[in-house]
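# Observations on the model geometry
Each chain, written out:
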Amino acid sequence: MDWIFQGQATGTMLLEWQLRRFSVGQRIAAAIALLLLPLAALSMASLVVLNDQEATFRETVEESIHTLLPLSTLEHYLQRALVDELKAQSNESVPNFTELTENIDKSFSSIDGSAHDTDLQADLVGDARKAWVHARPSVQSLIEQVHSMHQDRDEASRQEAQASLQLAISDIGMARQQLAQAVEARYTDAVAARRSQLMWLIWSWIVTLAVAALLIIALLHSLLGPVRALIRVTRHLEQGVTDARAPVTGNDEFTALAEHFNQMAAHWEATRESLRSEAAQDPLTGALNRRGIMIALGKALAADGRTGQPTSILLMDLDHFKRINDRFGHAAGDRALLWVTAQMRAVLREGDFLGRYGGDEFLAVLPATDRLQADQVAQRMARVIGEGAAAAADYPSLSIGVACAPAEGSHPEDLIKAADQALYEVKRQRPAAAVAPQDAGERPAVS
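Let me sum up the structure you'll find in this document.

Conventions we followed
Residues numbered from 1 in each chain as written. Predicted model: local features only at pLDDT ≥ 70, side-chain atom pairs only at ≥ 80, totals over all residues. Heavy atoms only, no water. Helix = DSSP H or I, 4+ residues; strand = E, 2+ residues; numbered from the N terminus. Buried < 20%, exposed > 50% of the residue type's maximum accessible area, 1.4 Å probe, protein only. Contact = heavy atoms within 4.5 Å. Areas by Shrake-Rupley, 256 points an atom, 1.4 Å probe, with all protein chains shown as cover. Pairing = 2+ DSSP bridges. Arc of directions from axis to C-beta. Axes fitted to C-alpha atoms, helices over the stretch in contact; angles between N-to-C directions. Parallel < 35°, antiparallel > 145°, perpendicular 65-115°, else oblique. Nonpolar A, V, L, I, M, F, W, Y, C, P; charged D, E, K, R; others polar. Core = buried A, V, L, I, M, F, W, Y, C linked by side-chain atoms within 4.5 Å. Salt bridge = Lys/Arg side-chain N within 4 Å of Asp/Glu carboxyl O.

Attention shifts here to the overall build of the protein chain. Of regular secondary structure, the protein chain possesses eleven helices and four strands. With 447 residues in all, the protein chain has 36% of them scored as buried. Of the contacts formed within the protein chain by residues at least 6 apart in sequence, a portion of 75% connects residues at least 24 apart. Of the roughly 25700 Å² of accessible surface on the protein chain, a fraction of 59% belongs to carbon and sulfur atoms.

Structure (structure tokens):
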């Protein structure tokens, strides 16, 4: 069953893709045309069929009347004549048998000459015609007797007339029955044909309405599908999935909307990343600012805590930085900060984080690093920066305090406090000659 649903889904996607190649206006116009044209054609066909059925039914009724009525009337008058023995002396009006026989002849001639009567059963019509041919001489004789009824006749003549009447009545009754069966058979066939036409109309309407429903569903899906996709992407963006993009398929207005929406989302993502970077970056040195480095420290402690690895930090303070600003100016102080930052980055490893903690203080986060490795990085950094400071009077040297988690604290504040204490000890143990008088007694700012 899964492959059936998959096939249906694939078919729906292909149909939607084909529809999306046209504009919304073109799709709506095509849908209206495809719906109205079949419905109009089917309505016209239904009208023609129903009118034809009505005409056929009316024709069948008229044919039954014109075909059977003369025979029935003649049979009635002959039976009446047999009872009354054609008593002309009673001054009753005598039926016009001549006109009746002519009407019956015309009915059979009409049946023989009309193409639409070919569906009458030939054997029944033939039997009726034979019965009428056999009865017609008796009727003709009866007509002649009616004309001479005023003359007196003997008993033998009356008996002969009665025998002729009985024979004529029998033959005409047989003709009427056979012809009635033929007309009934034709009527039955006509009813079956009309029922078949009605069933054809019903199924045509069912198929047309089903196709119309499928077209409407496909049209609505091609219109609502892109809208739902845009809603899903909007929700993802709202939930923080910044790389969510709307699918771009087809060549309609929704495709253009999806393209512009994706461009807007990409621009928004780039702007967001830029703002985030600016919010977490020191504008002068390009290193992380205090907020950014604290976030990096928190993430490193959490990640290393889950794996059971140590996390080390380096709290670094620039020596004699105030003297550089006072002696060479603040522009020189900015150049010194940029130089120190570049030297720190050159020593730090890939995966380490560097941030400007405040003023002339820097903080380096070394994930998955124990105390011994951190000391080695700190010594190398102090040596590199110290050599540069010795070669240029406007470059500062460096003091570094090292701390390692979890031995010296598992929270950022505790670890920084331990590193600040270590930095204080480094400055305190440094020979007095190594510290400029104007820097003596200065402590790095620690939050």
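Of all the eight residues making up strand 1 (residues 311–318), eight are buried; the element is thus mostly covered by neighbouring parts of the structure. Residues Thr311, Ile313, Leu315 and Asp317 line one face of strand 1 and the alternating positions Ser312, Leu314, Met316 and Leu318 line the opposite face, and both faces are buried. Across six bridges, strand 1 lies against strand 3 (residues 361–366) in antiparallel orientation. The partner of Asp317 across the bridge, within strand 3, is Glu361.

For the rest of this paragraph, the subject is helix 8 (residues 321–328). A turn of α-helix holds 3.6 residues, and therefore any two residues three or four places apart point the same way. Those residues of helix 8 that fall on the buried side of the exposure criterion are Phe321, Ile324 and Asn325. Along helix 8, the residues classed as buried sweep out an arc of 95° about the axis, all on the same side. Turned more than 90 degrees off the buried face of helix 8, the exposed positions are Asp326 and Arg327. Residues of helix 8 that are buried make contact with strand 1 and helix 9 (330–347). Downstream of helix 8 by one or two residues, Gly329 has phi in the positive range, about 100°.

Reading across from one edge, 2-3-1-4 is the order of the four strands in this open sheet, with antiparallel pairing throughout. Pairing within the sheet leaves two strands with one partner each, and these edge strands are strand 2 (353–358) and strand 4 (398–405). Adjacent strand axes in the sheet meet at a mean angle of 20° when their direction is disregarded. In this sheet, strand 4 lies alongside strand 1 in antiparallel orientation, the contact comprising eight bridges. Considered in strand 4, the bridge of Thr311 is made with Ala405. Taken strand by strand, helix 10 (residues 371–391) contacts strand 1, strand 3 and strand 4, and its axis lies near 170° from that of strand 4.

Of note, Ala213 is situated in helix 5 (residues 155–238). Its relative accessible area of 35% is what places Ala213 among the partly exposed residues. Distance from Ala213 to Leu35, taken between C-alpha atoms, is 9.3 Å for residues 178 residues apart in sequence.

Below, the discussion takes up the packing of helix 8 against helix 9. Where helix 8 contacts helix 9, the two axes come as close as 6 Å, and the packing angle between them is 140°. Taken together, helix 8 and helix 9 sit at an angle that is classed as oblique. Judged by residue contacts, Phe321, Ile324, Asn325 and Phe328 of helix 8 engage His330, Ala332, Gly333, Ala336 and Leu337 from helix 9. Residue classes in the contact of helix 8 with helix 9 are distributed as six nonpolar, three polar and no charged.

Grouped together as the largest cluster of nonpolar side chains are 24 residues, with contacts concentrated most on Leu314, Met316, Met344 and Met381. Secondary-structure elements contributing two or more residues to this core are strand 1, helix 9, strand 3, helix 10 and strand 4. When neighbours within four sequence positions are excluded, Met344 is seen to be in contact with Met316, Leu318, Leu354, Phe362, Met381, Ile385 and Leu398. Core analysis: the next-biggest nonpolar cluster, separate from the first, contains 16 residues, Leu297, Ala300, Ile313 and Leu315 among them.

Following Ala405, the chain continues to Pro406 via a peptide bond in cis, the omega torsion being 5°. Structurally, the position occupied by Pro406 is in the loop between strand 4 and helix 11 (412–429). Backbone geometry at His320 places phi at a positive 60°, although glycine is not the residue there. Here His320 shows up in the loop between strand 1 and helix 8. For Ala368, which is not glycine, the phi torsion reads 55° and is therefore positive. Mapping Ala368 onto the fold places it in the loop between strand 3 and helix 10.

Before going further, it helps to examine the pattern of salt bridges. A pair can form between side chains of opposite charge whenever their charged atoms are brought close. Inspection of every chain in the model, using the stated rule, returns eight salt bridges. Asp375 serves as the salt-bridge partner of Arg371, at 3.3 Å between the closest nitrogen and oxygen. Of this pair, Arg371 and Asp375 both sit in helix 10, four residues apart, which is roughly one turn of the helix. Arg371 gets classed as partly exposed once you look at its relative accessible area, which sits at 34%. Across the salt bridge formed by Glu425 and Arg428, the nearest N and O atoms sit 2.7 Å from each other. Of this pair, Glu425 and Arg428 both sit in helix 11, three residues apart, which is roughly one turn of that helix. Here Glu425 falls in the partly exposed class, since its relative accessible area comes to 25%.

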